[in-house]
Amino acid sequence: MNATIGIELARSLGLSRGRRTSGMTVSTPPDKAAGATMSACIVRIADHGDRDAFGQIFNYFAPRVKSYMMRLGAEPNIAEDLAQDTMLTVWRRAQSFDPGKAAASTWIFTIARNLRIDLARRDSKPSPKPDPSDMPEAPMAPDDAIDALEDQSRLKTALSRLPPDQAEVIRAAYFSDKPHAQVAIDLGIPLGTVKSRIRLAFARLREALSTEVD
Amino acid sequence: MARFHPAEDVLLDYAAGALHVGARLVVSTHLASCEVCRATTNLADAVGGALLDDLRPSSLSADALALALARIERPAPPSAPSFKGPHDWIRVPDEVANAYRSRRRWAAPGVWVAPVTSNSDGSRSYLLRVGAGMSVPLHTHTGDEMVLVLKGGYSDGGRLHHPGDFALNDASINHNPRVLADGECVCLIAADDTLVPLSWVGRLFQPLVRI
């Protein structure tokens with residue numbers, strides 16, 4: 001049982017980085033250029049309410065946010081609704097995006113994640129709540145504003161180079177909707193081992209971001 | 001400046017969205033006043049962004065973009081009024097401040113509780129105020145309990161916990177925390193289990209014994 005889940009998880013988490021075989025009309029230039037374009041689009045939305053820029057953001061991210069929600073177990077129609085809500089929030093809160101501090105994908109990930117948490121919450125307790133995407137996000141640490149795009153591309157490289165056992169627990173945390181303790185049980189790995197893999201992975205990612213900066 | 005922080009695996013669960021709502025609230029309150037942990041969750045958010053970016057796109061319904069373009073024309077709903085916690089607390093999210101304003105109940109002399117969140121899985125979070133010098137007899141926990149000091153402080157196993165400090169207590173812990181003698185202590189607590197009603201939690205505290 002556990003072994004099956006483990007294999008299933010490992011497969012669904014795709015330790016190899018999936019190629020973008022998009023059926024959409026979106027072209028996929030190299031990461032950094034794409035990232036810069038996306039950041040610029042959000043700034044254009046913030047500054048000018050630019051609908052073309054919104055369309056570009058939508059075409060690139062809405063299908064990915066839908067995939068993210070489906071990975072976490074949402075039915076396709078719910079996943080698409082959440083992708084729509086994420087894009088609406090991008091439009092409304094574009095002013096709060098700071099391209100110097102975070103990549104577009106990072107900012108949009110946090111919006112999608114918060115909306116998903118909110119939905120789970122509404123499902124579990126029927127109480128009217130203020131828009132939880134208004135939940136105060138912790139502000140960015142000031143000295144992290146180095147170069148968000150450079151960071152993002154280095155981070156991706158570092159992620160792809162993580163040893164498979166570390167990559168597995170990291171990806172499982174994001175795509176299985178369970179705390180790492182449960183992930184440990186599902187993967188049949190002792191909790192202490194999972195914790196130490198997480199520590200090691202974070203150390204590597206940090207290191208990847210700190211080299212070449214100075 | 002906090003001295004006790006959530007471990008990295010807790011911060012990863014936070015960023016990945018895998019914590020239950022009460023635990024999430026405790027961690028986000030700690031983050032609001034802890035730059036060190038914020039650097040870690042910023043990194044973890046960036047990991048989430050990178051993973052999102054690398055996902056294979058799903059196909060959307062044919063009119064998806066048209067729908068989105070129509071929705072952005074609608075006026076945004078007014079944002080909910082926000083409240084602040086008392087001025088002598090560390091900064092807290094609106095939800096916590098609201099619980100303080102509207103849901104405090106005295107549970108025992110010197111002790112009040114205010115429920116903040118409760119979840120269908122049995123997890124919950126609440127504010128707990130305990131008077132100066134009071135303590136809880138030696139006990140352990142059935143599930144995980146996260147504690148964050150908002151005001152005042154307590155000692156536990158020789159360690160002093162001050163505002164912003166985070167503690168994770170589980171079944172491996174046997175302790176009898178004591179509120180410092182110089183004033184009340186208010187904590188935000190998230191617990192996995194609901195075996196004990198909140199009103200009982202308050203009655204566990206014993207007043208300072210003067211000899």
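Residues numbered from 1 in each chain as written. Chains lettered and ligands numbered in written order. Predicted model: local features only at pLDDT ≥ 70, side-chain atom pairs only at ≥ 80, totals over all residues.

What to know about the interface of chain B and chain A
So the rule is basically this: Remark: residues whose backbone-derived C-beta atoms lie within 7 Å of one another are considered to be in contact. Numbering of helices and strands runs from the N terminus; a helix is a DSSP stretch of H or I covering at least four residues, while a strand is a stretch of E covering at least two. Only Asp, Glu, Lys and Arg are considered charged, only Ala, Val, Leu, Ile, Met, Phe, Trp, Tyr, Cys and Pro nonpolar, and every remaining residue, Gly among them, polar.
Counting residues at the interface gives 48 residues for chain B, matched by 65 residues for chain A. Breaking the side of chain B that touches chain A down by element, the ones donating at least two residues are helix 1 (8-16), helix 2 (21-32), helix 3 (35-53) and helix 4 (64-71) of chain B. For the side of chain B that touches chain A, the element with the most residues is helix 3 of chain B, which contributes 15 residues. In the side of chain B that touches chain A, the residues fall into 26 nonpolar, 12 polar and 10 charged.

Some details on the confidence of the model for chain B
The criterion, for reference: The predictor reports its confidence for every residue as pLDDT, a score running from 0 up to 100.
Predicted confidence across chain B gives a mean pLDDT of 89, with 93% of residues reaching 70 or more. Interface confidence for the predicted complex, expressed as ipTM, amounts to 0.89; the pTM equals 0.83.

Observations regarding the sheet that holds strand 7 (residues 166-169) of chain B
Residue and element names in this part refer to chain B. As a reminder of what qualifies: In short, DSSP must find at least two bridges between two strands for them to pair. For helices, the fitted axis covers only the stretch in contact; all axes are lines through C-alpha atoms, and the angles between them, taken along N-to-C directions, range from 0 to 180 degrees.
Pairing within the open sheet is antiparallel, and its six strands lie in the order 1-2-3-9-4-7. Strands with a single pairing partner mark the edges of an open sheet, and in this sheet they are strand 1 (105-108) and strand 7. In this sheet, adjacent strand axes meet at a mean angle of 30° when their direction is disregarded. Bridging between strand 3 (residues 124-130) and strand 9 (residues 185-191) involves seven bridges; their strand directions are antiparallel. In the strand pairing of strand 9, V130 is matched with C185. Of the strands in this sheet, strand 2 (111-118), strand 3, strand 4 (145-151), strand 7 and strand 9 are in contact with helix 2, which crosses strand 9 at around 140°.

Overview of helix 3 (residues 51-71) of chain A
All names here are of chain A. Rules: Here, expected helix span is obtained from the residue count minus one, scaled by 1.5 Å. Fitting axes to the seven residues that end at a residue and to the seven that start at it, the angle between those axes gives the bend at that residue. Exposure classes come from backbone-placed C-beta atoms, where a residue is buried if 20 or more other C-beta atoms lie within 10 Å of its own, exposed if 12 or fewer do, and partly exposed in between.
Along its 21 residues, helix 3 runs 29 Å from first to last C-alpha, staying within 8% of the 30 Å computed at 1.5 Å per residue. At F61, helix 3 shows its maximal bend, which comes to roughly 35°, and the proline P63 appears one to four places after that position. By the criterion of burial, helix 3 is predominantly enclosed, with 15 of the 21 residues buried. Positive backbone phi, at 100°, marks G73, one or two positions downstream of helix 3.

As for the nonpolar core
Our working rule: For this entry, the nonpolar core is defined as buried Ala, Val, Leu, Ile, Met, Phe, Trp, Tyr and Cys residues connected by C-beta atoms within 7 Å. An automatic or database domain assignment provides the domain bounds reported here.
If you look at the biggest cluster of nonpolar residues, it comprises 113 residues, and the most contacted ones within it are I57 of chain A together with V47, L127 and C187 of chain B. Broken down by element, the residue count for this core peaks at 10 residues, all from helix 3 of chain A. Here this core spans two domains, since at least three of its residues come from each of domain 1 (1-12 + 28-141) and domain 2 (161-214) of chain A.

Focus: the pairing of strand 2 of chain B
All names here are of chain B. With three bridges joining them, strand 1 and strand 2 adopt antiparallel strand pairing. Within strand 2, the position partnered with A108 by the bridge is V111. Joining the antiparallel neighbours strand 1 and strand 2 is a turn of two residues, in which G110 adopts a positive phi near 85°. Hairpin connection from strand 2 to strand 3: five residues lie between these consecutive antiparallel strands, with G122 at a positive phi of about 95°.

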